[in-house]
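# Structural characterization, general
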Amino acid sequence: MDDDLNQALDAVGPRLRALRQQRNTTLAELSAATGISVSTLSRLESGTRRPTLELLLPLARAHGVTLDELVDAPPTGDPRIHLRPVTRHGMTMLPLTRRAGGIQAYKLVIPADSHRRQPDLQTHEGYEWLYVLNGRLRLVLGDHDLVLSPGEAAEFDTRVPHWFGAAGTEPVEFLSLFGQQGERAHLRARPAPGTTARSP
């Protein structure tokens, strides 16, 4: 058992380096995201620092992997990233990015029954960009109550009270780009002549 544990812990360093390099994240960026010093991160990756639970938990969160994936990885590092959907409040979220910091991308699916729920507006730090793939998305944003159809997008400061859900009798599927305050997606788009935001 001790040999297996030692082998698993020895595999963590190369796995951490492979994950960070695959996401083009610097040690400084990872340090800012986890609160772990650059020197400690460097020693973890090189194997000269023994990983502890207190160090592995924030690293697993920053890389978007489970502790099992982090500890059980082979020494060479597996370049494949297996994205796992997460379901919260009836909404299914599939992370599309795994790097620490920067703009985070998600694919979301909301079931049709959400359109019957009373909107529960939330606020938090950040900036979000939504793009509807299928179905119709109801977006309540401050005093605005909008419905977005496939191919339509919205962007907003998440400090503005907001809520979104399915607008019709079918599920809605959309992409979300989310960044911390001050980070915005750079969009180049020209609106079609005579188009305006629609409300239900």
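Sequence order sets the numbering: in each chain, residues are counted from 1 along the sequence as written. Predicted model: local features are reported for residues with pLDDT of at least 70 only, side-chain atom pairs are reported and counted for 80 or more only, and whole-chain, interface and lining totals are derived from all residues. By convention in this description, side-chain values take in all heavy atoms of the structure and omit both hydrogens and water.

## A word on the overall build of the protein
We count a stretch as a helix when DSSP gives it H or I for four or more residues in a row; a strand needs E for two or more, and each element gets its number in order from the N terminus. The helix and strand inventory of the protein stands at five helices and nine strands. When the helices and strands of the protein are placed in sequence order, the string is α-α-α-α-α-β-β-β-β-β-β-β-β-β. The buried label applies to any residue whose accessible area, calculated with a 1.4 Å probe on protein chains only, is under 20% of its type's maximum; exposed applies above 50%, and partly exposed to all values in between. In the protein, which comprises 200 residues, the share counted as buried stands at 39%. The protein chains shown are the only cover counted for residues, whose accessible areas, like all others here, come from Shrake-Rupley with a 1.4 Å probe. Of the accessible surface of the protein, which amounts to about 11,900 Å², a share of 52% is contributed by carbon and sulfur atoms.

## A short note on the pairing of strand β3 (residues 104-110)
Bridging between strand β2 (residues 91-95) and β3 involves four bridges; their strand directions are antiparallel. If you follow Pro95 over to β3, its bridge partner there is Tyr106. Two strands pair under a simple rule: DSSP has to find at least two bridges between them.

## Brief notes about the sheet that holds β3
Strand order in the open sheet made by the six strands is β1-β2-β3-β9-β4-β7, with antiparallel pairing throughout. With one partner strand each, in any of the chains shown, β1 (86-88) and β7 (153-157) form the two edges of the open sheet. Looking at each pair of strands side by side, their axes are set apart by 25° on average, direction ignored. Fitting a line to C-alpha atoms yields each axis, with helices limited to the stretch in contact; the angle taken between N-to-C directions then spans 0 to 180 degrees.

## Notes on the confidence of the model for the protein
Every residue gets a pLDDT, meaning the predictor's confidence in that residue, from 0 to 100. When pLDDT is averaged along the protein, the result is 78, and 76% of the positions lie at 70 or above. It only takes one pair of heavy atoms within 4.5 Å for two residues to be counted as in contact. Within the model, pLDDT remains below 50 along residues 73-78, and this stretch shows seven contacts once partners closer than five positions in the same chain are excluded.

## Describing the pairing of β2
Going residue by residue along β2, you find Met91, Met93 and Pro95 tucked away on one face and Thr92 and Leu94 left uncovered on the opposite face. As defined by bridge partners, β1 adjoins β2 across three bridges and the pair is classed as antiparallel. Its bridge partner being in β2, Val86 is matched across the sheet by Met93. Between β1 and β2, which pair antiparallel and follow one another directly, the connecting turn spans two residues, one of which, His89, has a positive phi of 50°.

## Details of the pattern of salt bridges
In what follows, salt bridge is the name for a side-chain nitrogen of Lys or Arg lying within 4 Å of a carboxyl oxygen of Asp or Glu. Counted according to the given criterion, the structure contains five salt bridges. Between Lys107 and Glu173 there is a salt bridge, with its nearest N and O atoms 2.7 Å apart. Here Lys107 is found in strand β3, whereas its partner Glu173 is found in strand β9 (residues 172-179), with 66 residues between them in sequence. Judged by its relative accessible area of 29%, Lys107 falls in the partly exposed class. As a salt-bridge pair, Arg138 and Asp145 come within 2.7 Å of each other at their nearest N and O atoms. What emerges from the salt-bridge pattern is a single network uniting Arg17, Arg20 and Glu45.

## Focus on the environment of Arg49
Along the polypeptide, Arg49 turns up in the loop between α3 (38-46) and α4 (53-63). Considering only alpha carbons, one finds Arg49 and Gly13, 36 residues apart in sequence, at a separation of 8.8 Å. What Arg49 contacts, discounting residues up to four positions off in sequence, is Thr40, Arg43, Leu44 and Leu55.

## Remarks on the sheet that holds strand β6 (residues 144-148)
Sheet architecture is open: three strands sit in the order β6-β5-β8, paired in antiparallel fashion. The open sheet is flanked by β6 and β8 (162-166), the only strands paired with a single partner. This sheet shows a mean twist of 15° between the axes of neighbouring strands, independent of strand direction. Bridge count for strand β5 (residues 137-141) against β8 is five bridges, and the pairing is antiparallel. Its bridge partner being in β8, Leu137 is matched across the sheet by Ala166.

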